[in-house]
Amino acid sequence: MAIERTLIILKPDCVKKKLAGEVLKRFEQTEGLRIAGLKMKKLNKKILEEHYAHHKDKPFFKALCKFMKSSPVVFSVIEGENAVARVRDMCGPTDSKQAPKGTIRGDLGEDVQMNVIHASDSVETANVEIPRFFKKSELF
Ligand code: IDP
Ligand code: MG
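One structure accompanies this document, and this report is about it.

Each value, and the rule that gives it
Residues numbered from 1 in each chain as written. Chains lettered and ligands numbered in written order. Predicted model: local features only at pLDDT ≥ 70, side-chain atom pairs only at ≥ 80, totals over all residues. Heavy atoms only, no water. Helix = DSSP H or I, 4+ residues; strand = E, 2+ residues; numbered from the N terminus. Rg over C-alpha atoms; globule rule 2.2 N^0.38 Å. Buried < 20%, exposed > 50% of the residue type's maximum accessible area, 1.4 Å probe, protein only. Contact = heavy atoms within 4.5 Å. Areas by Shrake-Rupley, 256 points an atom, 1.4 Å probe, with all protein chains shown as cover. Lys, Arg positive; Asp, Glu negative; His and termini not counted. Charge placed at Lys NZ, Arg CZ, Asp CG, Glu CD. Near = heavy atom within 4 Å. Polar contact = N/O pair within 3.5 Å; in protein donor to acceptor, adjacent residues only side chain to side chain. 1 Å grid on protein atoms, 1.4 Å probe; cavity = no way out; pocket = protein on both sides within 12 Å on 5 of 7 lines; lining within 4 Å. Sits in = over half its atoms within 2 Å of the grid points. Nonpolar A, V, L, I, M, F, W, Y, C, P; charged D, E, K, R; others polar. Phe/Tyr/Trp six-rings, centres within 6.5 Å; stacked < 30°, edge-to-face > 60°. Lys NZ or Arg CZ within 6 Å of the ring centre and 35° of its normal. Points joined across faces, edges and corners; volume = space filled by probe spheres on them.

1. Some points on the overall build of the protein
Now for step 1: Looking only at helices and strands, one finds seven helices and four strands in the protein.
Now for step 2: Reading the protein from its N terminus to its C terminus gives the helix and strand order β-α-α-β-α-α-β-α-α-β-α.
Now for step 3: For the protein, whose C-alpha radius of gyration is 14 Å, the value lies close to the compact-globule estimate of 14 Å for 140 residues.
Now for step 4: Each of the three principal axes of the protein carries a C-alpha extent, and together these read 40 × 35 × 25 Å.
Now for step 5: Out of the 140 residues belonging to the protein, those deemed buried represent 46%.
Now for step 6: Long-range pairs, those at least 24 residues apart, make up 76% of the contacts in the protein with a sequence separation of at least 6.
Now for step 7: Here the protein displays about 7,700 Å² of accessible surface, and carbon together with sulfur accounts for 55% of that area.
Now for step 8: Taking the 26 positively charged and 19 negatively charged side chains of the protein as two groups, their mean positions are separated by 8 Å.

2. Quick notes on the site of ligand 1
Now for step 1: Taken together, Lys11, Tyr52, His54, His55, Phe60, Leu64, Arg88, Thr94, Arg105, Val112, Gln113 and Asn115 make up the full set of residues near ligand 1.
Now for step 2: Note that an oxygen atom of ligand 1 is positioned 2.9 Å from one of the side-chain N or O atoms of histidine 55.
Now for step 3: A distance of 2.8 Å is found between an oxygen atom of ligand 1 and a side-chain nitrogen or oxygen belonging to asparagine 115.
Now for step 4: Summarising the interface, the protein chains cover 79% of the accessible area of ligand 1, which totals 530 Å² for the free molecule.
Now for step 5: In this structure the site holding ligand 1 corresponds to the largest pocket.
Now for step 6: Residue composition of the shell around ligand 1, grouped by class: four nonpolar, five polar and three charged.

3. As for the packing of aromatic side chains
Now for step 1: On inspection of all chains with the given rule, the structure shows one aromatic pair.
Now for step 2: For the cation-ring pair, lysine 39 lies above phenylalanine 134, with the distance from its terminal atom to the ring centre recorded as 4.8 Å.

4. Digging into the environment of cysteine 65
Now for step 1: In this fold, cysteine 65 is placed in helix H4 (residues 61-68).
Now for step 2: Using a relative accessible area of 8% as the deciding quantity, one classes cysteine 65 as buried.
Now for step 3: Between the C-alpha atom of cysteine 65 and that of leucine 43, which follows or precedes it by 22 residues, the distance is 8.9 Å.

5. A word on the layout of surface pockets
Now for step 1: Space inside the largest pocket adds up to approximately 460 Å³.
Now for step 2: If you list the elements that add at least two residues to the lining of the largest pocket, you get helix H3 (45-51), strand E4 (117-119) and helix H7 (123-133).
Now for step 3: Looking at the lining of the largest pocket element by element, the count peaks at four residues for H7.
Now for step 4: Of the residues contributing to the lining of the largest pocket, the split by class is six nonpolar, eight polar and seven charged.

Rendered as C-alpha cells:
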C-alpha cells in the first residue's frame, strides 16, 4: 500500500472546545500515521470559496463560511499508508448525529455543520488541498 498524505482542518467547534489535542492524539496513536505538518490560522472568505467551491450553490454555504471563520482553525497534514481513507474512516460520516461512537465526529461533533474536522476525500483532492494550505518547506 502507498504512503499517502492527507489534509485535515480542525474546525472552529473543535478549537473552541479545546479538543484539538484530543483529535491529533487519535491520529498520533494510530499505528503507521504521523503528523507531517501543523499550523493554526484564520480562514477568510476567498480561501473558503475555493476550498468549498463544490458547495457554493448549496443553501448552507453562507452559514458554513460564517462558522468556519468564527475562530482560528488548526491545519495538519497526516501521513501514512493509505492515510486518506484511514483518516476519513476515523472521522466518520459528515453528520455527527449519524456518526458512530468511536469516530471523531460521533464522539466529539454536534451536528452536520459543527462536525469537528475536515479531511480530504481522495488522494486527488489531498493533492490539491495540501498545497492550498502548506508550502513544501512546512512539511516534514
Ligand atoms: P465532508 O466534510 O464529510 O467531506 P461535505 O459534503 O464535503 O462533507 O461538506 C463539507 C462541510 O460542509 C461539512 O463537513 C459540513 O461542515 C458542511 N455541511 C455539509 N452538508 C451540510 C448541511 O446539509 N448543512 C450544513 N452544513 C453542511
Ligand atoms: Mg468533503
